[in-house]
Amino acid sequence: MLNIGFIGLGNMGGPMAINLVKAGHSVKVFDLSESAVASIVQAGATAASSVIDAVANADFVISMLPAGKHVEGLYVGGDSPLFDHLKAGALVIDSSTIDAKTAKNVASIAAARGIDFIDAPVSGGVGGATAGTLSFMVGANSQQFKQAQPVLEIMGVNIFHAGVQGSGQIAKACNNMLLAILMSGTSEALNMGVNNGLDAKVLSEIMRLSSAGNWALEVYNPYPGVMPKAPASNQYQGGFQVDLMSKDLALAMDLSEKSHSATPMGERARDLFKAHAEQGNGSLDFSSIIQQYQKIGS
Ligand code: NAD
């Protein structure tokens, strides 16, 4: 049985922590929200009296926070940074989606103090977090990756070693930029087909099994009614929010700028999702991006 400190029990962190409890580990949890803590404690975790208490005796510390500033503030900021309170040999796994620069910076501060800090952002959404089927994209050295693997395997199925520290965040930014492009492109093609008299289900099936087949057409069709279980058939509720996709696209564009990479498609997708969020759709599932096309057509 491992001692695990878990910080950030939101939509993703909550179910991830529960899976660690179910696997028989001792999980001490902390969140700024008391109600978030209470629901995980009900599932068998122990409430920490403070964030320091959550990590003091932990073999592994896992964080699942909104953005880079929260991760930096937690581990290296303030009067009592968390890095001052870790047990020797503890491995810190940050699974938040943050900018690669902050991930690298926090990891190098950690390394200078003899602390192991790795980035391990995830893909798979709340459904994957609950089912324990997430994909982890890990930025770590091989020793740290090996150490993290058994713990990550409790919460996920595909555990990828992307490269050194920061690489997990770079892989995540690339993946989500492509996902946004694919969802936008799929929406664009479906809308044009329907505007020209085709049935959305028929066209979806043609493209799914032809050379345009992609993940959106396989499991996440954006057109209402094509896939009964997709968010599109449930008023775009649940799933992966437009606001989170916008955040990930901003991270991708930052990466593109800093590395002088041409990303014209990523920029178009970023603008499209940004406009969609600004029109009050931030809490809808990201496949609702098809509404931007339907609007243009109407
Ligand atoms: P969320 O907003 O539901 O949860 C974040 C939690 O962190 C909240 O409970 C908040 O109270 C807590 N928190 C914030 N600052 C804290 C601090 N200093 N100390 C302790 N707790 C603190 O967010 P989420 O949907 O769980 O996402 C978490 C991360 O995972 C984000 O980086 C997001 O981009 C990423 N992600 C989310 C999804 C998804 O589908 N929701 C999918 C993949 C990746």
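Here is what the cut-offs are and how they apply
- Here the residue index of a chain counts from 1 through its sequence in written order.
- The predicted nature of this model means local features are confined to residues of pLDDT at least 70 and side-chain atom pairs, given and counted, to a pLDDT of 80 or more, with totals for whole chains, interfaces and linings taken over all residues.
- As a rule here, side-chain values come from all non-hydrogen atoms in the structure, and water together with hydrogens is ignored.
- Whether a residue is near a molecule or strand depends on its heavy atoms: if one lies within 4 Å, it is near.
- Polar contacts, as used here, are pairs of N or O atoms within 3.5 Å; protein pairs need one atom able to donate a hydrogen and one able to accept it. Residues neighboring in sequence count only if both atoms are side-chain atoms.
- The definitions used throughout rest on a 1 Å grid laid over the protein atoms alone, on which a cavity is an enclosed set of points accommodating a 1.4 Å probe that cannot get out and a pocket is an open set flanked by protein within 12 Å on both sides along at least five of seven lines; lining residues are those having an atom within 4 Å of a point.
- What decides whether a molecule sits in a cavity or pocket is whether more than half of its atoms lie within 2 Å of the grid points.
- The secondary structure listing takes helices from DSSP runs of H or I that are at least 4 residues long and strands from runs of E that are at least 2 residues long, numbered from the N terminus.
- One fewer than the residue count of a helix, multiplied by 1.5 Å, yields its expected span.
- Fitting axes to the seven residues ending at a residue and to the seven starting there, one defines the bend at that residue as the angle between these axes.
- Centres within 6.5 Å are what make two rings of Phe, Tyr or Trp a pair, Trp counting through its six-membered ring; a difference in plane orientation under 30 degrees is then read as stacked, over 60 as edge-to-face, and the rest as tilted.
- Each residue is placed in one exposure class: buried if its accessible area under a 1.4 Å probe, protein chains only, is under 20% of its type's maximum, exposed if it is over 50%, and partly exposed if it falls in between.
- Throughout, a residue-residue contact means that at least one pair of heavy atoms, one from each residue, lies within 4.5 Å.
- Here, axes are lines fitted to C-alpha atoms. For helices the fit covers the stretch in contact, and angles between N-to-C directions go from 0 to 180 degrees.
- It is the rotation of the near helix from the far one that decides the hand of a crossing: anticlockwise by less than a right angle makes it left-handed, clockwise makes it right-handed.
- Asp, Glu, Lys and Arg are counted as charged, while Ala, Val, Leu, Ile, Met, Phe, Trp, Tyr, Cys and Pro are counted as nonpolar; the rest, among them Gly, fall into the polar class.
- Grid points are joined across faces, edges and corners, and a volume is the space filled by probe spheres set on the points.

Time to look at the site of the ligand. If you check the shell around the ligand, you find 23 residues, and the closest are Asn-11, Met-12, Asp-31, Leu-65 and Lys-247. At 2.9 Å from an oxygen atom of the ligand is found a main-chain nitrogen or oxygen belonging to Met-12. One of the side-chain nitrogen or oxygen atoms of Asp-31 is found 2.6 Å away from an oxygen atom of the ligand. Placement of the ligand is best described as lying within the largest pocket. Secondary-structure elements contributing two or more residues to the shell around the ligand are helix H6 (125-131) and helix H11 (242-258).

Right, let's talk about helix H7 (residues 142-155) for a bit. Over its 14 residues, H7 runs 20 Å from end to end, which matches the ideal 20 Å to within 8%, given 1.5 Å per residue. Largest kink in H7: about 45°, centred on Gln-149, with the proline Pro-150 one to four residues after it. Measuring from the side-chain oxygen of the N-cap residue of H7 to the backbone nitrogen of Gln-143 gives 3.1 Å; that N-cap residue is Asn-141.

Under the defined criterion, the tally for this structure stands at 7 aromatic pairs. For the ring pair Tyr-75 and Phe-117, a centre distance of 5.5 Å and an interplane angle of 75° mean the geometry is edge-to-face. With Tyr-75 in helix H4 (residues 68-76) and Phe-117 in strand E6 (residues 116-119), the pair connects residues that are 42 residues apart, well separated along the chain. In this pair, the class of Tyr-75 matches that of Phe-117, namely buried.

What follows deals with the environment of Gly-125. By the secondary structure assignment, Gly-125 is in helix H6. Through-space distance from the C-alpha of Gly-125 to that of Phe-240 is 6.5 Å; in sequence the pair is 115 residues apart. Setting aside residues no more than four positions away along its own chain, Gly-125 makes contact with Met-12 and Leu-134.

Another aspect to go through is the packing of H11 against helix H12 (residues 264-281). Interhelical geometry of H11 versus H12 gives an angle of 145° and a closest axis separation of 9 Å. Of the two possible hands of crossing, H11 and H12 adopt the one that is left-handed. The segment H11 lies against H12, with Val-242, Asp-243, Met-245, Ser-246, Leu-249 and Met-253 engaging Gly-266, Glu-267, Ala-269, Arg-270, Phe-273, Lys-274, His-276, Ala-277 and Asn-281. Taken together, the residues of the contact of H11 with H12 break down into 7 nonpolar, 4 polar and 4 charged.

All right, on to the side chain of His-25 then. Mapped onto the fold, His-25 is located in the loop between helix H1 (13-22) and strand E2 (26-30). With residues near it in sequence (within four places) discarded, His-25 still touches Met-1, Leu-2, Ile-4, Leu-20 and Ile-154.

So, on to the layout of surface pockets. The computed volume of the largest pocket comes to approximately 1500 Å³. Lining the largest pocket are 48 residues, and of these Met-12, Met-64, Gly-125, Phe-240 and Leu-244 sit closest to its centre. Listing elements by their share of the lining of the largest pocket, those giving two or more residues are H4, strand E7 (122-123), H6, helix H8 (167-195), helix H10 (215-219) and H11. Considering every element that reaches the lining of the largest pocket, the biggest residue donor is H8, with 6 residues. The volume enclosed by the second largest pocket comes to roughly 230 Å³. In this structure, the second largest pocket is lined by 10 residues; those nearest its centre are Ser-184, Glu-188, Arg-268, Leu-272 and Tyr-293. Where the lining of the second largest pocket is concerned, the elements lending two or more residues are H8, H12 and helix H13 (290-297). Among the residues making up the lining of the second largest pocket, the classes are represented as 6 nonpolar, 2 polar and 2 charged.

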